[in-house]
Structure formats: C-alpha cells, structure tokens
Amino acid sequence: MPAMENIAGNLFFIGLMGAGKTTLGKYTAQALGRPFYDSDQEICKRTGVSIPTIFELEGEDGFREREAAVIDELTALNNIVLATGGGAVMREENRSKLCTRGTVIYLHARPEILLERTRHDNNRPLLQVEDPLVKLQELYNLRDGVYRSAADIVIEPTHQNCHKTVEKLLQLLSQK
Ligand code: S3P
C-alpha cells in the first residue's frame, strides 16, 4: 500500500468526457478520506437544473461562466478531491487556479474508448451530434496537449479495474 501520509493538498482530475474523472475521483477521495466534489454536479446543485438545460438556456458561454465561478470556489478549499468538467482546463483563468492550488491529474484515454463510455449518455450536450466519434477526436486534438501541459501526473485508467488505477495513482502521488 502506498504511503498515503505523503499525499498532501488538493487533487484535481482533468480529462475528456468519459475518461472516468468522477468515478476515479470518488474512489480516490474515499481511499484518502477526503471530501469529493464534481464541478458539473456542483453547478447542477446550485442552479437546480441539468447541464443540457443550462446549455439550452444560456448557451455554452453561460455554462462556462458558471463553471469558472465554481472552479474558483472549489479550488480555494483545502484537501479536497475535485473532478472538473472536460472543458474547464481550456480557460486560462481556470487552468491557473487548478495548477497553483493543487496537484493536477490528467486521465488520458483515446477517443474510441471515450466513445464507448459516453455512447448511451445524453447528458453531454457537446456529444449530441451525428457523429460523436468525430467530435471526440476533434476535442482530443484540441485538448490533449493542454491537459498534458497542465498536469502533474498523466495516467491511463484501466476501466475494468478502478481500484488498480487508484492504487497506481496513489503510488505516483506518494512519490511526488
Ligand atoms: C464538457 C464536459 C462535461 C460538461 C459539459 C462540457 C466539455 O463534463 O462539463 O458537458 O467541454 O468537455 P464531463 O467531462 O464530466 O463529462
């Protein structure tokens, strides 16, 4: 078992839709006995509506404003685990808060894998298009470099076994 007492400060998960930020974030928080937050869930809690409804009523720009406010608030907390929405890192303002207020973990997965994991989900407005694989490839090409440059750790989740991925991640974090 990794030396968990060496793992200090906030942990922020970044990566594309379907990478497993929420699932692995929750497991990691549980293993470390820390509070877990998800920026999308926090936005829904505060507005009382779903992400697709926010996109419908306020457009993507309105959603990004709300996301930036929530990221600012949550990253100011201490010793939390946070799963961010996949696009959060694309705003410099969010990126600089994530990078300076905690350890950033990029969950990397290829578009084909992400498609499998998001295929039956209609809660992601950006993927409600004729060919979601093309959209995921586009987003991957745009974002992979940004995710990598923001990240302290890059990890490829093995989704058959979340616990193994968390153990590997805790190992990497304890060596930091
Ligand atoms: C988005 C990702 C979603 C959500 C919104 C936009 C994106 O979060 O914030 O639909 O731009 O990649 P998840 O990454 O948790 O699906």
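Given the structure is predicted, the values throughout are model-derived calculations rather than measurements.

Quick look at the UniProt feature "binding site: ATP" (unreviewed entry) in the protein
Annotation from UniProt places "binding site: ATP" (unreviewed entry) at Gly18, Ala19, Gly20, Lys21, Thr22, Thr23, Arg124 and Gln160. The named residues occupy 143 residues along the chain; their greatest pairwise C-alpha distance, 22.9 Å, places them well apart from one another. Of note, Gln160 is situated in the loop between strand 5 (153-155) and helix 7 (162-174).

Quick word on the site of the ligand
Near the ligand lie 13 residues; those nearest to it are Lys21, Asp40, Arg64, Arg124 and Arg143. Between the ligand and Lys21 there is a distance of 2.6 Å, counted from an oxygen atom to a side-chain nitrogen or oxygen. Contact distances for the ligand include 2.9 Å between an oxygen atom and a backbone N or O atom of Gly86. Contact with the protein chains covers 96% of the free accessible surface of the ligand, which is 390 Å². Tallying contributions element by element places helix 3 (residues 51-75) first for the shell around the ligand, with 3 residues. Taken together, the residues of the shell around the ligand sort by class into 5 nonpolar, 3 polar and 5 charged.

Some points on the packing of helix 5 (residues 111-118) against helix 6 (residues 132-150)
Between helix 5 and helix 6, the shortest axis-to-axis distance is 9 Å and the interhelical angle comes to 130 degrees. Taken together, the axes of helix 5 and helix 6 lie oblique to each other. The handedness of the crossing between helix 5 and helix 6 is right-handed. Counting all contacts with helix 5, which are made through Pro111, Glu112, Leu114, Leu115 and Thr118, the residues of helix 6 involved are Pro132, Leu133, Leu136, Gln137 and Tyr140.

About the thresholds
- Residues numbered from 1 in each chain as written.
- Predicted model: local features only at pLDDT ≥ 70, side-chain atom pairs only at ≥ 80, totals over all residues.
- Heavy atoms only, no water.
- UniProt positions renumbered as here; feature names shortened; annotations may be inferred.
- Helix = DSSP H or I, 4+ residues; strand = E, 2+ residues; numbered from the N terminus.
- Near = heavy atom within 4 Å.
- Polar contact = N/O pair within 3.5 Å; in protein donor to acceptor, adjacent residues only side chain to side chain.
- Areas by Shrake-Rupley, 256 points an atom, 1.4 Å probe, with all protein chains shown as cover.
- Nonpolar A, V, L, I, M, F, W, Y, C, P; charged D, E, K, R; others polar.
- Axes fitted to C-alpha atoms, helices over the stretch in contact; angles between N-to-C directions.
- Parallel < 35°, antiparallel > 145°, perpendicular 65-115°, else oblique.
- Left-handed = near helix turned anticlockwise from the far one by under 90°.
- Contact = heavy atoms within 4.5 Å.

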